[in-house]
Amino acid sequence: MREYLESDIGFYYAVGGFMIAVFVLGMVAIAVINPEGVGTIELVGLSGGFLVFMLVYFISISVQRLEDGDST
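Owing to the predicted nature of the structure, the values given are computational and were not obtained by experimental measurement. (Residues numbered from 1 in each chain as written. Predicted model: local features only at pLDDT ≥ 70, side-chain atom pairs only at ≥ 80, totals over all residues. Heavy atoms only, no water.)

### Some words on helix α2 (residues 8–33)
Then, in step 1: Between its first and last C-alpha atoms α2 spans 37 Å; for 26 residues at 1.5 Å apiece the expected length is 38 Å, and the two agree.
Then, in step 2: Every buried residue of α2 is listed here: I9, G10, G16, F23 and M27. (Helix = DSSP H or I, 4+ residues; strand = E, 2+ residues; numbered from the N terminus. Expected span 1.5 Å × (residues − 1). Buried < 20%, exposed > 50% of the residue type's maximum accessible area, 1.4 Å probe, protein only.)

And the structure:
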């Protein structure tokens, strides 16, 4: 595991996973604290925006891997 995180790409993947975990925990916290605080439209917009953000994030990691010639 340590060897995986010592590479730049491995670190970027770990940060991406951490961002997803924080987003999910935040959504769970909002649902528990105030179930009526986020409506369907807001939830779809927030989740959709986050999905697009993460898609661009992981595509940029893939581009970085191609530039470095790292196929692992």
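More follows now that the structure is in view.
### Topic: the nonpolar core
Then, in step 1: The biggest cluster of nonpolar side chains holds seven residues, and these are I9, F23, M27, F50, M54, Y57 and I61.
Then, in step 2: Breaking this core down by element, the ones donating at least two residues are α2 and α3 (40–68).
Then, in step 3: The dominant element in this core, judged by the number of residues it contributes, is α3, at four residues.
Then, in step 4: Setting aside residues up to four positions removed in sequence, M27 forms contacts with L43 and L46. (Core = buried A, V, L, I, M, F, W, Y, C linked by side-chain atoms within 4.5 Å. Contact = heavy atoms within 4.5 Å.)

### Thoughts on the packing of aromatic side chains
Then, in step 1: The full count for this structure, using the stated rule, is six aromatic pairs.
Then, in step 2: Ring centres 6.3 Å apart and planes at 40° place the aromatic pair F50 and F53 in the tilted group. Of this pair, F50 and F53 both sit in helix α3, three residues apart, which is roughly one turn of the helix.
Then, in step 3: By relative accessible area, F53 is classed as partly exposed at 42%.
Then, in step 4: With a centroid separation of 5.4 Å and 80° between ring planes, the pair formed by Y57 and F58 is classed as edge-to-face.
Then, in step 5: Clustering of aromatic rings is evident, with ring pairs tying together Y13, F23, F50, F53, Y57 and F58. (Phe/Tyr/Trp six-rings, centres within 6.5 Å; stacked < 30°, edge-to-face > 60°.)

### Brief notes about the packing of α2 against α3
Then, in step 1: Two elements in contact, α2 and α3, have axes separated by 10 Å at closest approach and are oriented at 175°. When the axes of α2 and α3 are compared, the pair comes out roughly antiparallel. Across from I9, Y12, Y13, V15, G16, M19, I20, F23 and M27 in α2, the residues of α3 making contact are L43, L46, S47, F50, F53, M54, Y57, F58, I61, Q64 and R65.
Then, in step 2: Split by residue class, the contact of α2 with α3 holds 16 nonpolar, three polar and one charged. (Axes fitted to C-alpha atoms, helices over the stretch in contact; angles between N-to-C directions. Parallel < 35°, antiparallel > 145°, perpendicular 65-115°, else oblique. Nonpolar A, V, L, I, M, F, W, Y, C, P; charged D, E, K, R; others polar.)

Shape descriptors only; they carry no functional weight alone.
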